[in-house]
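Structure assessment
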Amino acid sequence: MAEPSNKTILLMDMEGSGRRRDSEQAVIHRMLYRVLHETLSAAAIEPTEYRGEDRGDGVFVLIDPAVPKPALLRALLTATPEQLVSTNRLAAEGARIRLRIVVHTGEVALDEFGAVGADLVHAFRLLDAPALRKELATTSEPSVLCVSNAVYQGVVRHAHPGVRPEHFHPLTVDSKEGATLTGWYHDISRRHTDTAGSEQPAVESTASSIPTQAAAPVPRSEHSANAAPALHTRTGNFFFGTATIAGDAIAGDKHVDTGSTESARQRDVEGNGE
């Protein structure tokens, strides 16, 4: 088996294609690829940067991870609907198309038969989600875009130009594998307030994680009566004996010799006694 590599996964599926006559399916099939190529061109994706596979009523594309995902999302949100409206305007009623679109990212392996990988299955599970089908059925837009939670957290929620996270709304689907998958579909008619996403861990500042411990006060009774006075600085350090303070706010260097001061005081007392 070939080793997997990271790809951006793009899926497109036509609504209700199975109900069309064969002659109509041939027409909408060509329309689908016209919309796909216009979308990729709008995202400045070169033919050498993607690989596509046909699915009859849809298509999936594996895109080089070097292609910026915000550019792809912008094209899917603007160029794709515009191209669909333009194409449908010229088509007969039975040959008009509407699309469910999914963007995911993950590891995909390629061999002589095609593409395989759990992340590819994940993308198709989102594409087939009943909630996504319902969103397309209830909207007047010609397409609905859904991104995986990985794409939402890594790209959408950061509000790149042309990608507004408040217009993406969560949906869930229970996969056949037993896992509950989360996707985010685009609906400009509503606003979603949780733009940061629900799965992002809180970031704590380094400073707040370091406990601040105040110096314990020394009881007055523990001071010796004959102890030399302590010189306190603003940093909380303590100096005993001779301390040198360089360049304070007054002027020059200051020398404080607490031992000499005590000796001079003792001499004064002895002199008075005499």
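Cut-offs applied
Residues numbered from 1 in each chain as written. Predicted model: local features only at pLDDT ≥ 70, side-chain atom pairs only at ≥ 80, totals over all residues. Heavy atoms only, no water. Helix = DSSP H or I, 4+ residues; strand = E, 2+ residues; numbered from the N terminus. Buried < 20%, exposed > 50% of the residue type's maximum accessible area, 1.4 Å probe, protein only. Contact = heavy atoms within 4.5 Å. Areas by Shrake-Rupley, 256 points an atom, 1.4 Å probe, with all protein chains shown as cover. Polar contact = N/O pair within 3.5 Å; in protein donor to acceptor, adjacent residues only side chain to side chain. Phe/Tyr/Trp six-rings, centres within 6.5 Å; stacked < 30°, edge-to-face > 60°. 1 Å grid on protein atoms, 1.4 Å probe; cavity = no way out; pocket = protein on both sides within 12 Å on 5 of 7 lines; lining within 4 Å. Points joined across faces, edges and corners; volume = space filled by probe spheres on them. Nonpolar A, V, L, I, M, F, W, Y, C, P; charged D, E, K, R; others polar. Expected span 1.5 Å × (residues − 1). Salt bridge = Lys/Arg side-chain N within 4 Å of Asp/Glu carboxyl O. Core = buried A, V, L, I, M, F, W, Y, C linked by side-chain atoms within 4.5 Å.

**A few points about the overall build of the chain**
When its secondary structure is counted, the chain shows six helices and twelve strands. The 274 residues of the chain split such that 36% are buried. In the chain, the proportion of contacts linking residues at least 24 apart, taken out of those at least 6 apart, comes to 68%. Only carbon and sulfur atoms are counted for the fraction: they give 52% of the accessible area of the chain, which is about 16800 Å².

**A look at the environment of Asp64**
With respect to the helices and strands, the residue Asp64 is situated in the loop between strand S3 (58–63) and helix H2 (69–89). Residue Asp64 is classed as partly exposed on the basis of its relative accessible area, which comes to 29%. Within polar-contact distance, the side chain of Asp64 engages the backbone nitrogen of Ala66 at 2.8 Å.

**Brief notes about unusual backbone geometry**
In this model, Ala44 sits at a positive phi of 60°, which is unusual for a non-glycine residue. Relative to the elements of secondary structure, Ala44 occurs in the loop between helix H1 (22–42) and strand S2 (50–54). Ala44 sits in the exposed class, given a relative accessible area of 57%. Unlike most non-glycine residues, Ala159 shows phi in positive territory, near 55°.

**Concerning the packing of aromatic side chains**
The geometry of two aromatic rings is summed up by the distance between their centres and the angle between their planes. This structure, assessed with the given rule, holds two aromatic pairs. Seen in terms of ring centroids, Tyr152 and Trp184 are 3.7 Å apart; in terms of plane orientation they differ by 5°. Their pairing is stacked. Of this pair, Tyr152 sits in helix H5 (residues 149–154) while Trp184 is found in strand S8 (residues 180–186), placing the two residues 32 residues apart along the sequence. Here Tyr152 and Trp184 have matching classes, each one buried.

**A short note on the layout of surface pockets**
Put simply, the largest pocket is a space of about 420 Å³. Considering the residues around the largest pocket, the lining is formed by 20 residues, among which Leu77, Glu141, His186, Asp187 and Ile188 are closest to the centre. Of all the elements in the fold, those that place two or more residues in the lining of the largest pocket are H2, strand S6 (143–148) and S8. For the lining of the largest pocket, the element with the highest residue contribution is H2, accounting for four residues. Split into classes, the residues belonging to the lining of the largest pocket amount to nine nonpolar, seven polar and four charged.

**Details of H1**
Quick reminder: α-helices carry 3.6 residues per turn. Residues three or four places apart thus point the same way. Between its first and last C-alpha atoms H1 spans 30 Å; for 21 residues at 1.5 Å apiece the expected length is 30 Å, and the two agree. Among all positions in H1, only Glu24, Ile28, Met31, Leu32, Val35, Leu36, Thr39 and Leu40 are buried. Check the buried side of H1 and you find it contacts strand S1 (5–14), S2, S3, H2 and strand S4 (99–111). One or two steps after H1, the chain reaches Ala44, where phi turns positive at roughly 60°.

**Some words on the pattern of salt bridges**
Taken as a whole and judged by the stated rule, the model has ten salt bridges. The residue Glu24 makes a salt bridge to Arg21 at a minimum N-O spacing of 3.2 Å. Here Arg21 falls in the exposed class, since its relative accessible area comes to 56%. One salt bridge in this structure joins Asp187 and Arg190, with 3.4 Å as the shortest N-O distance. On the basis of relative accessible area, Asp187 is assigned to the buried category, the value being 17%. Residues joined in a network through salt bridges with shared partners are Asp13, Arg100, Asp128 and Arg133.

**Structural notes on the nonpolar core**
Counting 36 residues, the largest nonpolar core has Leu10, Leu73, Val103, Leu145, Val147 and Phe168 as the members making the most contacts within it. Membership of the second largest hydrophobic core comes to 21 residues, among which are Ile9, Val108, Leu127 and Cys146.

**Re the environment of Pro70**
Here Pro70 lies in helix H2. Pro70 has contacts with Val155, His160 and Val163, leaving out every residue within four places of it along the chain.

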